[in-house]
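Structure assessment
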Amino acid sequence: MEVNYIHSFKNLNYKQCIEIQNKLIEKIELKPLNYTPEIVAGVDLSFFQEYSIAIIIVIDEKFNEIELVYHYQKTEFPYIPGLLAFRELPVFLEAWKKLKIKPDIVFFDGQGIAHPRKMGLATHGSYFINLPTIGIAKSRLYGTYEEPCKEKGCFSYLFDKNNEKIGIVLRTRKDVKPVFVSPGNYITINEAKDITLKYTLKYKIPEPTRLAHIYSQKIKNEKFKSG
DNA sequence: GCGACAG
DNA sequence: ATCTTGTCGC
């Protein structure tokens, strides 16, 4: 798939990254999707020594795996809370170029707007691929919330310092720690929640991201260990 | 100054 | 994320 524009982030300092994020805030469009996604992609990265491996898995409504692409290159940006996109997007976008099928929406392993500057991985990534995105995080980065009830489907809202909703704490499985769902872009908070549940089977992590994680581990082992 | 802090 | 064994519970 095509990429809007891309440049390495490796020479940016902390302050410059924050400036980029602040400039992109005004471009966020949390508008209704107005259609039901049928082709969904999941993204995840794994790391081995100095390398980063990004994989993208594409599935249809029946969870059939339609396409899988990956790309690995040397890691060129450290993990810094709040700046995850600068570390992961460059690798992801190289894998994205190899993708033939155009998904209706993309699930990222991290936050969307549930971020100090509303610029989590999923939101930042949406500008490069021009598609709706959802952030699925296993833990909280930013925001306050009440604990949702224990049944599958229970949820509570995540709020920022201005008491604005920035995401949902969603119980995707009974008696299991909830996931933090937030829209990346071009979708609403509630749609992100509904679509996440729709793509969740018997595990805590919804299928797109869960499968992406499994394959990123598998490819890492094939390329850097046994194979 | 101190604590928090996606992957 | 990654390094790593067993273990409690459905």
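Residues numbered from 1 in each chain as written. Chains lettered and ligands numbered in written order. Predicted model: local features only at pLDDT ≥ 70, side-chain atom pairs only at ≥ 80, totals over all residues. Heavy atoms only, no water.

1. Observations concerning the protein's contact with DNA strand C
Defined as follows: Throughout, near means a residue has at least one heavy atom within 4 Å of the molecule or strand. Whenever a nitrogen or oxygen atom comes within 3.5 Å of another N or O atom, the pair is scored as a polar contact, on the condition that within protein one atom can donate a hydrogen and the other can accept it, and that pairs from neighbouring residues in sequence are kept only if both atoms are in side chains. Secondary structure follows DSSP: runs of H or I at least 4 residues long count as helices, runs of E at least 2 residues long count as strands, and numbering of each begins at the N terminus.
Around DNA strand C, a shell composed of Ser-46, Phe-47, Lys-138, His-213, Gln-217 and Lys-220 is seen. Counting only atoms of DNA strand C within 4 Å of the protein, the sugar-phosphate share comes to 100%. The backbone of Phe-47 places a nitrogen or oxygen atom 3.2 Å from a phosphate oxygen of DNA strand C. Lys-220 places a side-chain nitrogen or oxygen 3.0 Å from a phosphate oxygen of DNA strand C. The dominant element in the surface near DNA strand C, judged by the number of residues it contributes, is helix H5 (residues 207-224), at three residues.

2. Observations regarding the UniProt feature "site: Interaction with target DNA" (unreviewed entry) in chain A
Threshold: UniProt positions are given in the numbering used here, feature names are shortened, and annotations may be inferred rather than shown by experiment. When checking whether two residues touch, look at their non-hydrogen atoms; a contact exists if any pair is within 4.5 Å.
In this numbering, the UniProt entry assigns the feature "site: Interaction with target DNA" (unreviewed entry) to Tyr-79. Within the secondary structure, Tyr-79 is located in the loop between strand E3 (65-74) and helix H2 (84-98). Residues in contact with Tyr-79, not counting those within four places in the same chain, are Leu-84 and Arg-87.

3. Things to note about the packing of aromatic side chains
Note the cut-off: Only centres within 6.5 Å qualify two rings of Phe, Tyr or Trp (six-membered ring in Trp) as a pair; their planes then separate them into stacked at under 30 degrees, edge-to-face at over 60, and tilted for everything else. Exposure classes here rest on a 1.4 Å probe applied to the protein chains alone. A residue is buried below 20% of its type maximum, exposed above 50%, and partly exposed in between. Should the NZ of a Lys or the CZ of an Arg lie within 6 Å of a ring centre and within 35 degrees of the ring normal, that charge is described as sitting over the ring.
Throughout the structure, instances matching the rule amount to 12 aromatic pairs. Their ring planes at 75 degrees and their centres at 5.0 Å tell us that Phe-92 and Phe-108 sit as a pair that is edge-to-face. In this pair, Phe-92 is assigned in helix H2 and Phe-108 in strand E4 (residues 105-108), connecting sequence segments 16 residues apart. Both residues of the pair, Phe-92 and Phe-108, belong to the buried class. On the numbers, 5.4 Å between centres and 80 degrees between planes, the contact of Tyr-145 with Phe-180 is edge-to-face. One end of the pair, Tyr-145, is in the loop between strand E5 (133-137) and strand E6 (155-159); the other, Phe-180, is in strand E8 (residues 179-185), with 35 residues separating them in the sequence. Aromatic rings pair up to connect Phe-48, Tyr-51, Tyr-72 and Phe-224 into one cluster. One Lys or Arg, Lys-27, reaches over the ring of Tyr-127 and ends 4.9 Å from the middle of that ring.

4. Re the protein's contact with DNA strand B
This is how the line gets drawn: Charged residues are taken to be Asp, Glu, Lys and Arg, nonpolar residues to be Ala, Val, Leu, Ile, Met, Phe, Trp, Tyr, Cys and Pro, and polar residues to be all remaining types, Gly included.
Neighbouring residues of DNA strand B: 17 residues in total, closest Tyr-79, Gly-82, Leu-84, Gln-111 and Lys-138. Of all DNA strand B atoms lying within 4 Å of any protein atom, the proportion belonging to sugar or phosphate reaches 50%. With respect to DNA strand B, the side chain of Arg-140 contributes an N or O atom lying 3.2 Å from a phosphate oxygen. Partitioning the surface near DNA strand B into residue classes produces seven nonpolar, six polar and four charged.

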